[in-house]
Amino acid sequence: MSKYNETILTAGGLDLATRAANGKTTFTITKATATADDLTSMSEADLQNLTALPNEIQTGSITNQTENIPNSKSVVGTEILFTNQGIDKGYLVNAVGLYAKEDGKDEEILYALNTAIEPEFMPDFADQVLLQFKITMYVIVGRTENVTVIIDPSGMASKDYVNTKITEIDVNDKIQDEDVIKKLQNKLVYTDNKSQGKNAITQVAEALGSAVYGFKTIDKDGKVTSILPDSDSLVTLPGEWNNNNTGGSTDPDHPAAGVDIYPGSLANGEITERYCLWQGNSDPTQITNVSFGQDVGSKMDKVGEGLTFLLHVQRTAINKGIKGEVTKIPFNYDPNNAVKDGYYTTTASVPSYIRAKSFEVDKEQVVTYNGIGENLTTIKNHQSPGVGFTFKADKTMDIRPIQGFDNDGAADGITGYTYDVIVEVIATYSTQMAVQQLPATINFFTGLGNGDIALSGVSNFYENTASGIEVTRDISAKVHDVDAYTVDFNGNFPAYADVPMTLYIPKEYLVIGYKYPIPTDKLPLINTEIGQPTGTKENNKTAFNPDTDSSTRIYLRGLKNAYIEILSGKVNFTFVLVTGSWIYNGNPRRWRNTEYSMLLNKVTPY
C-alpha cells in the first residue's frame with residue numbers, strides 16, 4: 001500500500017496563501033501532476049523552493065473539493081485522480097504537485113507537493129486494464145472563500161458528488177418520455193404495467209427486478225458460449241459444472257492431485273499472505289516431525305486458506321544396485337505433462353497447496369507427484385514419488401517420504417534412479433485477485449546498506465514482483481577488526497570469498513520470515529564464537545596471500561548470517577565474512593579476527 005508524506009507548501013504557495021488570508025487576492029487551484037523523480041534526497045527547504053515538479057509524466061483529474069476540515073476555515077482538501085489510461089511506460093508516482101493561478105494573472109505556480117514514502121506504481125495501459133490512484137492533498141489556502149478549485153467534469157464522480165446528485169432527485173417524478181417507457185417494457189426487461197403511473201425510482205427498480213440475463217463463458221481458447229434463460233426465466237447450468245468435487249481445484253486447466261490444489265497464479269499475484277511456519281530440509285529416509293513457528297490452531301484454523309509447501313526432488317543414481325551421485329532437481333509443474341530438461345515434470349501443483357479444512361488430526365494426507373518426470377526412455381519400472389502430511393494433536397506435522405524410482409528392472413542389479421521429495425518450506429497462504437506486476441526497470445532500493453533494507457514500491461507480500469527480486473551487492477564492505485579495534489570504512493570486498501555479486505530470489509521463496517540462503521560453497525558457516533588457532537593456519541585452510549611473510553598472512557575463517565531474510569516491505573541483510581591474521585603486538589604474537597560486512601547496492605524485480 002502506498003504512503004505519502006504531509007503536504008509541503010512551496011515558497012510561492014505560501015506567499016499566495018498569506019495574501020489570500022489577508023483578503024488581498026484570490027486564486028484558483030488549477031491542476032495536479034505526477035513525477036517519477038525520487039525527491040527524497042532533497043531537503044524541505046529545497047522542496048519549498050521548487051517552482052515546478054521536475055519531469056512531470058502525467059496530469060491528474062481534480063474530482064472534488066473538501067472544505068469541511070474540523071476547526072479550520074483555512075484548509076482545503078483537493079481530491080486528485082490519476083489513471084493509467086494513455087500511459088505507455090509504467091512508473092512510480094514519487095511525487096504529486098498541485099498548481100494554482102492568481103486571479104488576474106496568467107502564470108501557474110507550483111503551489112504545493114506531496115512526496116512518497118512508499119510510492120504507488122502506475123502501470124502502462126498495454127493490456128487495456130484500467131488502474132486508478134486517488135490522493136487527497138490538504139493545503140493551507142489562507143481563507144477558503146478566497147479560493148476556487150476547478151473540478152474536472154470528465155473525471156470520475158466522487159461519493160460526495162453522487163450523494164449530492166441523489167438528493168436532487170424528485171422521487172415523485174413520473175416517467176413521461178414514451179421512448180423510455182417502451183424500452184422498459186421491451187421483452188424480459190419490463191413485461192407488465194404494474195408500476196406504470198408510479199414514481200420514477202419505483203418504475204426503474206421493478207424493471208430491473210424483473211430482468212433476467214444469461215451467462216457467457218469463455219474457454220482457454222477464447223471460445224464464447226452463451227447460456228440463455230429458459231421459458232420459465234431460469235438459467236440451466238451444464239451438467240459438467242456439478243462434478244461433486246471433494247476438495248480439489250475446480251479449475252479444469254489445473255486439475256487437483258488429490259488434496260494438492262491449484263488455488264491461483266503465484267506469478268500473477270493471486271497468492272498472498274504467505275508467512276513462513278517452518279524451513280529446513282525434510283529427511284528422505286525417515287519421517288520428519290516439524291514444529292511450526294506460530295500457532296496454526298488445533299484444527300489448522302489459523303493459517304488463512306491453508307498451507308503451501310515448497311519442494312524439490314533429490315535424485316540418487318543407481319548403477320548395478322550400487323548407489324551413486326545425489327543431485328538436487330527442481331520440479332516443473334505442467335498440467336500438460338510436457339518434459340523440461342533438467343527438471344522433474346509433474347502434473348501435481350508445485351508449490352503444493354492444501355486447504356486448511358483438508359487437515360484432520362492424525363489423518364495422513366498424501367500427495368503423489370505423477371507425471372513424465374525426467375522422461376527417461378530406457379526404464380522398465382516406474383513409480384512416482386510422493387509425500388504424506390499428518391497434522392498431529394500437538395500442532396506439529398509429520399512429513400513421510402514416499403520414494404519413487406525409474407530403473408531397468410535388471411535381475412542382477414538395477415540401474416536407474418530413485419526420487420525423493422524434499423520439503424524445504426511450509427507457509428500459510430490466502431488468495432486474492434491478480435495484481436499488476438512491476439517491470440524490471442523499477443528500483444525497490446538503490447544506495448549502500450545492510451541490516452534492514454526498506455523496499456520502495458513492493459507490495460506487502462511481494463505479489464507484484466514479477467518473477468522475483470534481483471539483489472545486487474556492492475564490491476565494497478564495512479570492515480571491523482573484532483579483536484583489536486573497530487574501523488568503519490569502505491574497502492574492496494575480498495574476491496577470493498567467491499560470493500556471487502548478484503542473487504536472484506524466485507517469487508515462490510518470497511515468503512515473509514523465510515531466510516533465503518546465499519550460496520557459499522567454499523566456506524563453512526560460523527554459528528558460534530571462533531576459537532584461537534593453534535598455528536599460523538586455521539583448520540588447515542591455505543592463506544589467500546601465501547607468498548607473504550607468515551606473520552602477515554590472512555586466512556579465511558568462515559561466514560556468518562549467510563542468508564537474506566524476507567520481511568514485509570523490506571529485507572534483512574547482515575551477511576559477514578570472517579578472516580584471521582597473525583599480528584605482532586609485543587610478545588607473544590596473537591590472532592586477530594576481521595569481519596567484512598557485505599553491503600547491498602540495488603534491489604529490483606526481475
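Residues numbered from 1 in each chain as written. Predicted model: local features only at pLDDT ≥ 70, side-chain atom pairs only at ≥ 80, totals over all residues. Heavy atoms only, no water.

Let us look at the overall build of the chain. In terms of helices and strands, the chain carries five helices and 36 strands. Considering only contacts in the chain between residues 6 or more positions apart, those separated by 24 or more positions represent 69%. Per element, the accessible surface of the chain, about 31700 Å² overall, is 48% carbon and sulfur. (Helix = DSSP H or I, 4+ residues; strand = E, 2+ residues; numbered from the N terminus. Contact = heavy atoms within 4.5 Å. Areas by Shrake-Rupley, 256 points an atom, 1.4 Å probe, with all protein chains shown as cover.)

Let's shift gears to the packing of aromatic side chains. Per the stated rule, a full pass over the model turns up 16 aromatic pairs. Ring geometry for Phe331 and Tyr344: centres 6.0 Å apart, planes at 90°, overall edge-to-face. Of the two residues, Phe331 sits in strand β17 (residues 331–333) while Tyr344 sits in strand β18 (residues 344–346), which places them 13 residues apart along the sequence. Across the pair, Tyr344 and Phe331 agree in class, each one buried. (Phe/Tyr/Trp six-rings, centres within 6.5 Å; stacked < 30°, edge-to-face > 60°. Buried < 20%, exposed > 50% of the residue type's maximum accessible area, 1.4 Å probe, protein only.)

So, about the environment of Tyr91. Take Tyr91: it is sitting in strand β6 (residues 91–102). Residue class for Tyr91 comes out buried when judged on its relative accessible area of 4%. In this structure, the C-alpha to C-alpha distance between Tyr91 and Met122, residues 31 residues apart in sequence, is 5.3 Å. Contacts of Tyr91, omitting those with residues within four sequence positions, involve Ala34, Thr35, Ala36, Ile57, Gln58, Glu120, Phe121 and Met122. A polar side-chain atom of Tyr91 sits 2.6 Å from a polar atom in the side chain of Gln58. (Polar contact = N/O pair within 3.5 Å; in protein donor to acceptor, adjacent residues only side chain to side chain.)

Further remarks concern the side chain of Thr10. Locating Thr10 in the fold gives a position in the loop between β2 (8–9) and α1 (11–21). Setting aside residues up to four positions removed in sequence, Thr10 forms contacts with Leu47, Gln48, Leu50, Leu110, Tyr111, Ala112 and Leu113.

The next thing to look at is unusual backbone geometry. The linkage connecting Val350 with the following residue, Pro351, adopts the cis geometry, with an omega of 0°. As for its placement among the helices and strands, Pro351 is situated in the loop between β18 and β19 (352–355). Positive phi, close to 65°, is recorded for Asp362, a residue that is not glycine. Tracing the backbone through its elements, the reader meets Asp362 in the loop between β19 and β20 (364–368). Here the phi dihedral of Ala466 falls at roughly 55°; this positive angle occurs in a residue that is not glycine. Along the polypeptide, Ala466 turns up in the loop between β27 (451–454) and β28 (468–481).

For the coordinates displayed, the defined rule picks out one cavity of 30 Å³ or more. Reported here for the largest cavity is a volume of approximately 90 Å³. As for the largest cavity, its lining consists of 13 residues, of which Arg473, Pro500, Leu503, Ile518 and Phe573 are closest to the centre. If you list the elements that add at least two residues to the lining of the largest cavity, you get β28, β30 (502–506) and β36 (590–605). Among the residues making up the lining of the largest cavity, the classes are represented as 11 nonpolar, one polar and one charged. (1 Å grid on protein atoms, 1.4 Å probe; cavity = no way out; pocket = protein on both sides within 12 Å on 5 of 7 lines; lining within 4 Å. Points joined across faces, edges and corners; volume = space filled by probe spheres on them. Nonpolar A, V, L, I, M, F, W, Y, C, P; charged D, E, K, R; others polar.)

Applying the stated rule across the entire model yields 13 salt bridges. Between Arg400 and Glu364 there is a salt bridge, with the nearest N and O atoms lying 2.7 Å from each other. Placement of Arg400 in strand β23 (residues 396–402) and of Glu364 in strand β20 is noted, with a sequence separation of 36 residues between them. Note that Lys392 and Asp398 form a salt bridge whose closest N and O atoms lie 3.7 Å from each other. (Salt bridge = Lys/Arg side-chain N within 4 Å of Asp/Glu carboxyl O.)

What follows concerns the layout of surface pockets. One number sums up the size of the largest pocket: a volume of about 1000 Å³. Along its surface, the largest pocket is lined by 40 residues, and Leu311, Pro330, Pro506, Glu508 and Tyr509 are the ones closest to its centre. Mapped by element, the contributors of at least two residues to the lining of the largest pocket are β15 (306–319), β16 (322–329), β17, β30 and β31 (515–517). With four residues, β30 is the single largest residue contributor to the lining of the largest pocket. Partitioned by chemical class, the residues of the lining of the largest pocket number 24 nonpolar, 10 polar and six charged.

Another point: the sheet that holds strand β22 (residues 386–391). A sheet is described by the order of its strands in space; here four strands give the open sequence β14-β23-β22-β20, paired in antiparallel fashion. With partners counted over all chains shown, the strands left at the sheet margins are β14 (288–291) and β20, one partner each. Direction aside, the axes of adjacent strands within the sheet are offset by 25° on average. Note that β20 and β22 share five bridges and pair antiparallel. If you follow Val367 over to β22, its bridge partner there is Val387. (Pairing = 2+ DSSP bridges. Axes fitted to C-alpha atoms, helices over the stretch in contact; angles between N-to-C directions.)

By size, the foremost hydrophobic cluster in this structure holds 41 residues, and its most contacted members are Leu455, Ile505 and Ile564. If you list the elements that add at least two residues to this core, you get β25 (416–431), β28, β30, β33 (563–567), β34 (570–573) and β36. (Core = buried A, V, L, I, M, F, W, Y, C linked by side-chain atoms within 4.5 Å.)

We now examine the sheet that holds β31. Reading across the sheet, the four strands line up as β27-β34-β33-β31 and stay open at both edges, with antiparallel pairing between neighbours. Looking at strand neighbours, the two that pair on one side only are β27 and β31, the edges of this open sheet. The average angle at which neighbouring strand axes cross in this sheet is 25°, direction not considered. With four bridges joining them, β27 and β34 adopt antiparallel strand pairing.

Structurally, Ser349 can be placed in the loop between β18 and β19. Accessibility expressed as a relative area gives 4% for Ser349, which makes it buried. For Ser349, the residues in contact, after removing those within four places along its chain, are Asp260, Ile261, Tyr262, Tyr333 and Tyr369.

Let's shift gears to the confidence of the model for the chain. Caution applies to low-pLDDT regions: their predicted coordinates should not be interpreted in detail. A residue-level look at the chain finds 69% of positions with pLDDT of 70 or above and a mean pLDDT of 79. Predicted confidence for residues 483–496 stays below pLDDT 50, and this span has 37 contacts to residues more than four positions away or in other chains. Across residues 527–548 the pLDDT falls below 50, and counting only partners more than four positions away or on other chains, this stretch makes 33 contacts in the model. (pLDDT = per-residue confidence, 0-100.)

A few words on α1. Taken together, the buried positions of α1 are Gly13, Leu16, Ala17 and Ala20. Down the axis of α1, the smallest arc covering the buried residues is 100°, so these residues share one side. Structurally, α1 contributes buried residues whose contacts are with β2, β3 (27–35), β6, β7 (108–122) and β8 (132–140). One or two steps after α1, the chain reaches Gly23, where phi turns positive at roughly 75°. (Arc of directions from axis to C-beta.)

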